[in-house]
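Breakdown of the fold
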Amino acid sequence: MLKHYLKFSFRNIQKNKALAALNILGLTLGLSACLFILHYVQFEESFDQFHQNTDRIYRLRYERTSNEGTTVQFASCCPAAGPLVRERYPEVEKVGRMLRYRASVSFEEVYFYEDRMYFAETDFLEILPFDFVAGDPLTGISEPNTAFISQSTAHRYFGESDPMGKIFSVDKKTDYKVAGVFEDIPANSHLKFDILLSYKNLVSLYGEDFEKSWGHTGVFTYVQLKPNQDLKALEAKLVELPKAECAWLEEYKMSIDLKMQPLTDIHLNSHYMQEYEANGDKQAVTFLTIIAFFVIVIAWGNYANLATSRSLNRSKEIGLRKTVGASRKQLALQFLVETVIINLFAVACTLLLVEVFQPLFNNFVGMPLTQSVWGSKWIWHSILGLFVVGALVSGFYPMVVLSSFRPAAVLKSYVSTAAKGVNTRKVLVVFQFMMALILLVCTFTIYDQILFMRSQPLGFNMEQTLVFKSPRVRPENQEDKFKNFKGSLLQDPNITGACHVTEVPGRQILWDAGAIHKAGEDDSKGQNYQIVAVDYGFVDMFGLEIVAGRNFDKAFSTDKQGLMLNETAVKWMGFSTAGESVGQQVDYWGEIFTIVGVLKDYHQQSLKQAFEPHIYRFMPTGRDIRGQFAVKVGTQNVRETIQFVNSRYDEYFPGNPFEYFFLDEYFDQQYKADVLFARVFGLFSGMAIFVTCLGILGLSAFNVARRKKEIGVRKVLGASVGRIFYLVTNEYIKWVVLSSLISWPISWFIMNRWLHNFAHHIEIGWWVFALAGAVALVVALLTVSWQATRAAMANPVDSLRYE
């Protein structure tokens, strides 16, 4: 019997090649889109899952709240917390700490600026073990002046020679011996590093006081609990630890909270200060998962529509087969086998399509090219699941409808019987249109928000701004060197400005300080501010607007104890106007500074972030202040100007790598994830709409065939081509309107929630909904117009010759 079913199914497919091709195309696109999205979602959700005991590993975070209720949330922790947690709480099995240290690393004549270098305790590698190719990860950096390096780092410095035992220098100050080599950190790790230095060197570098500090941050602390521990009970105990250790909290009316963050939640849900790098977005992953569901459901619905649209052609066949003894069960099995075969063809085409376009897709979404979609069991489980569910879901409705035809009815007048289920198909198409319209509104809103962020005035001038890191290998007379270096740069006519600053606009400000308040006020009035150290050229260099007071000026020797605030900081400090704050004194951790000017708020980072309170102080002298040089270059001879800056940099600061970027390009990278999300969302929304069109095509073909004789009669009675065209298309206009009315409030709710993630965002205008409805209507009419035109132009004799 199965052989008969297969033979008959292939014969039907061969007889209706066009319809079979449409079915396979729709299912292939739906399955491919679904698999590509699931591939991306699986990668995003796989971060840090390769570690053992992930359910017991947490990152200890630090939060500081002022008396006014403002809270600063850090991804890192303070140095003192880790050892105390390890010692005092029996629930804790291990605690490992690490601190980022950006510096110049050199070996003989090879040197690079290392941005992913950390001081690390040995317990860190017990909690988060990575694969080593040489050395002992548990003891290798237990001694001072030892280091682990990645394979790619070893190749950069030592070429093909054995790196073990080699000595490299950090900032030309401290030498480290390579004690181990580890494989490059996997792409799906939230923490990526190239060099690990012995934590004992950190203690000698910053001193014992740093280890006891509760005010400093930047120490990433990982905690592994013993099995079967109560996390909530431990978190309740951690509330008391800062209170017991920090008597000054009561004086300043501040509070410190220690938070346990699950390791596997970091990549998609952590967006705090001092993150290693920009993390993923759980909401974006959720949105894409919904699209995957929409696309595959639309594809399955299309198959049902296209299959039942053939009911006119197959009704007599079904009637005859029932007349000669075929049961409803046998007919149902026949249609199910046909559905399975169509789905098998679609799966085969999907595998081919995914294999061909996988490298392009990986590059499109920023995934490593080595991240193969076939590399894990989930893909095969997904394919099998989609195939089985798809065959049952898409085949169930046609199987029930077609096998239910009554022989007498279809042999006598098959038109009325074949119309069975029309309302169900209309509901399905309305549902498909509704999903497509939701995707359209979301796509338009996402693109509009990104365009808004990228087109808004930022409050500073970043055009033609060359930025490079200040030297890590410092000369003894560094202040004079910096001054003379800037002077030498300004001798070039293509350079119109230069300044030295701890953080240029576009970079997160990592220097923060709490307990800053008006002089004379109680210490409890202090709040957390972001600190930027600048020189005399900062304001002019970036074209910042001074709303009150003045800029730092060489004519005022007291400016070394002066401050500038932004407008937000003025409000936080309790001044009613910017002018009122000028000349007032500020208690800056026991030092008295005077406010000399107020800057208009500008966007230090993307428009996703709200304005933060900034305090600008003059670049401190005699301190190892890290930062960047910013140079304003002309539009002519840019390459020669960069070479000139490089030569001067090498002359004044030998032994330092010269690494630069242009600020406008760097600033725009903040929107990279949002642009990528918009592109991916738009791509798969387009696929969903295209697949919906296939469903409309199937339903329009069915409707035209069902009304063939009616159209013939109308033409005989004088109906025009335009009238017939309207008769066929009018129904679809109604369905688009109905779908729009249902989808608009749903899409508004979804997008309104999404926009709340942005401090500065658009308001969803009526035109977004109107445009989505118009696009859907045009697409529907274009799809139906082919069938409508054929019906309007057909000769009525062809449909009425047997009447």
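What you see is a predicted model; the values in this text were computed from it and never measured. (Residues numbered from 1 in each chain as written. Predicted model: local features only at pLDDT ≥ 70, side-chain atom pairs only at ≥ 80, totals over all residues. Heavy atoms only, no water.)

Looking only at helices and strands, the protein chain has 28 helices and 24 strands in total. For the protein chain, with 803 residues in total, the buried portion stands at 54%. For the protein chain, restricting intrachain contacts to residue pairs at least 6 apart in sequence, the fraction spanning at least 24 positions comes to 80%. Of the roughly 35500 Å² that the protein chain leaves accessible, carbon and sulfur atoms contribute 56%. (Helix = DSSP H or I, 4+ residues; strand = E, 2+ residues; numbered from the N terminus. Buried < 20%, exposed > 50% of the residue type's maximum accessible area, 1.4 Å probe, protein only. Contact = heavy atoms within 4.5 Å. Areas by Shrake-Rupley, 256 points an atom, 1.4 Å probe, with all protein chains shown as cover.)

A separate point is the nonpolar core. Phe460, Phe538, Phe542 and Phe684 are the most contacted members of the largest nonpolar core, which has 122 residues in total. Core analysis: the next-biggest nonpolar cluster, separate from the first, contains 29 residues, Cys78, Ala81, Leu249 and Leu258 among them. (Core = buried A, V, L, I, M, F, W, Y, C linked by side-chain atoms within 4.5 Å.)

With that settled, consider a nonpolar patch on the surface. There is a patch of nonpolar side chains on the surface, built from Leu384, Val388, Val389, Leu392 and Val393 and spanning about 420 Å² of accessible area. Within the fold, Leu392 resides in helix H15 (residues 377–403). (Patch = residues over 30% accessible without salt bridge, like charges linked within 9 Å, V, L, I, M, F, W, Y side chains within 5 Å. Salt bridge = Lys/Arg side-chain N within 4 Å of Asp/Glu carboxyl O.)

Bringing unusual backbone geometry into the picture now. One non-glycine residue, Asn145, lies in positive phi territory at about 60°. On the secondary structure map, Asn145 appears in the loop between strand E7 (132–134) and strand E8 (146–150). The backbone of Asn637 shows a phi angle near 55°, a positive value even though the residue is not glycine. Position of Asn637 among the secondary structure elements: in the loop between strand E23 (628–633) and helix H22 (638–652). Residue Asn637 is classed as partly exposed on the basis of its relative accessible area, which comes to 44%.

All chains considered together, the criterion is met by 52 aromatic pairs. An angle of 90° between the planes, with centres 5.5 Å apart, marks the rings of Phe482 and Phe629 as edge-to-face. With Phe482 in helix H18 (residues 478–489) and Phe629 in strand E23, the pair connects residues that are 147 residues apart, well separated along the chain. Looking at Phe482, the relative accessible area reads 11%, which means it is buried. Look at Phe629 and you get buried, because its relative accessible area is 1%. The aromatic ring of Phe575 is capped on one face by Lys518, whose charged end is 4.4 Å from the ring centroid. (Phe/Tyr/Trp six-rings, centres within 6.5 Å; stacked < 30°, edge-to-face > 60°. Lys NZ or Arg CZ within 6 Å of the ring centre and 35° of its normal.)

Bringing the side chain of Ser104 into the picture now. Tracing the sequence through the fold places Ser104 in strand E4 (residues 103–107). On the basis of relative accessible area, Ser104 is assigned to the buried category, the value being 2%. Contact partners of Ser104, with chain neighbours within four places excluded, come to Phe112, Tyr113, Ser169, Val170, Asp171, Arg472, Val473, Gly655, Asn656 and Pro657.

This part takes up the sheet that holds strand E14 (residues 465–469). Here four strands make up an open sheet; going across it, the order is E15-E23-E14-E24 and the pairing antiparallel. Since the sheet does not close on itself, it has two edges, and those belong to strand E15 (495–501) and strand E24 (660–662), each with one partner. The sheet shows a mean angle of 20° between the axes of neighbouring strands, taken without regard to direction. Two elements, E14 and E23, share five bridges in a ladder whose sense is antiparallel. (Pairing = 2+ DSSP bridges. Axes fitted to C-alpha atoms, helices over the stretch in contact; angles between N-to-C directions.)

Let's shift gears to the environment of Ser161. On the secondary structure map, Ser161 appears in the loop between helix H5 (151–158) and strand E9 (167–170). Polar side-chain contacts of Ser161 include one of 2.6 Å to the backbone oxygen of Phe158. (Polar contact = N/O pair within 3.5 Å; in protein donor to acceptor, adjacent residues only side chain to side chain.)

What follows concerns the side chain of Gln261. Following the sequence through the fold, Gln261 ends up in strand E13 (residues 255–262). Residue Gln261 is classed as buried on the basis of its relative accessible area of 7%. A polar side-chain atom of Gln261 sits 3.0 Å from a polar atom in the side chain of Ser270.

Position of Leu694 relative to the elements: it lies in helix H24 (residues 672–706). A residue is classified by how much of its surface remains accessible, and Leu694, at 7% relative accessible area, is buried. Residues Leu694 and Thr783, spaced 89 residues apart in sequence, show a C-alpha to C-alpha distance of 8.2 Å. Dropping the residues within four chain positions of it, Leu694 is found in contact with Leu22, Leu25, Gly26, Asn302 and Leu306.

The element strand E1 (residues 57–65) is largely enclosed, with a buried count of nine among its nine residues. Burial along E1 is two-sided: the face carrying Ile57, Arg59, Arg61, Glu63 and Thr65 and the face carrying Tyr58, Leu60, Tyr62 and Arg64 are both buried. Relative to strand E12 (residues 219–225), E1 runs antiparallel, the two being bridged by four bridges. Residue pairing for E12: Arg59 is matched across the bridge by Tyr222. Both E1 and E13 contribute to a ladder of eight bridges, which runs antiparallel.

What follows deals with the confidence of the model for the protein chain. When pLDDT is averaged across the protein chain, the result is 84; 88% of the residues are at 70 or more. Every residue in residues 414–420 is under pLDDT 50, and counting partners more than four places away or in other chains gives 20 contacts. (pLDDT = per-residue confidence, 0-100.)

The subject of this paragraph is H22. Over its 15 residues, H22 extends 21 Å from the first C-alpha to the last, a length consistent with the 21 Å expected when each residue adds 1.5 Å. Among the residues making up H22, those that are buried are Thr641, Ile642, Phe644, Val645, Tyr649 and Tyr652. Within H22, the buried residues cover an arc of 155° as seen down the axis, which keeps them to one side. Exposed side of H22, more than 90 degrees from the buried face: Arg639, Gln643 and Glu651 are the residues found there. (Expected span 1.5 Å × (residues − 1). Arc of directions from axis to C-beta.)

Attention shifts here to the pairing of E4. In terms of burial, E4 is largely enclosed, as five of its five residues are buried. Burial along E4 is two-sided: Ala103, Val105 and Phe107 and Ser104 and Ser106, pointing in opposite directions, are all buried. In terms of strand pairing, E4 meets strand E5 (residues 110–114) through five bridges, oriented antiparallel. Considered in E5, the bridge of Phe107 is made with Val110. In textbook terms, the turn of a hairpin is the stretch between consecutive antiparallel strands, and for E4 and E5 this stretch comprises two residues, one of which, Glu108, has a positive phi near 55°. For E4 and E9, the ladder comprises two bridges, and the chain directions are antiparallel.

Running from N to C, H18 and H22 point in directions that differ by 155°, and their axes come no closer than 10 Å. By the angle between their axes, H18 is roughly antiparallel relative to H22. Our pair here, H18 against H22, has a crossing hand that is right-handed. Residues Lys481, Asn484, Phe485, Ser488 and Leu489 of H18 pack against Phe644, Val645, Arg648, Tyr649 and Tyr652 of H22. The class makeup of the residues in the contact of H18 with H22 is six nonpolar, two polar and two charged. (Parallel < 35°, antiparallel > 145°, perpendicular 65-115°, else oblique. Left-handed = near helix turned anticlockwise from the far one by under 90°. Nonpolar A, V, L, I, M, F, W, Y, C, P; charged D, E, K, R; others polar.)

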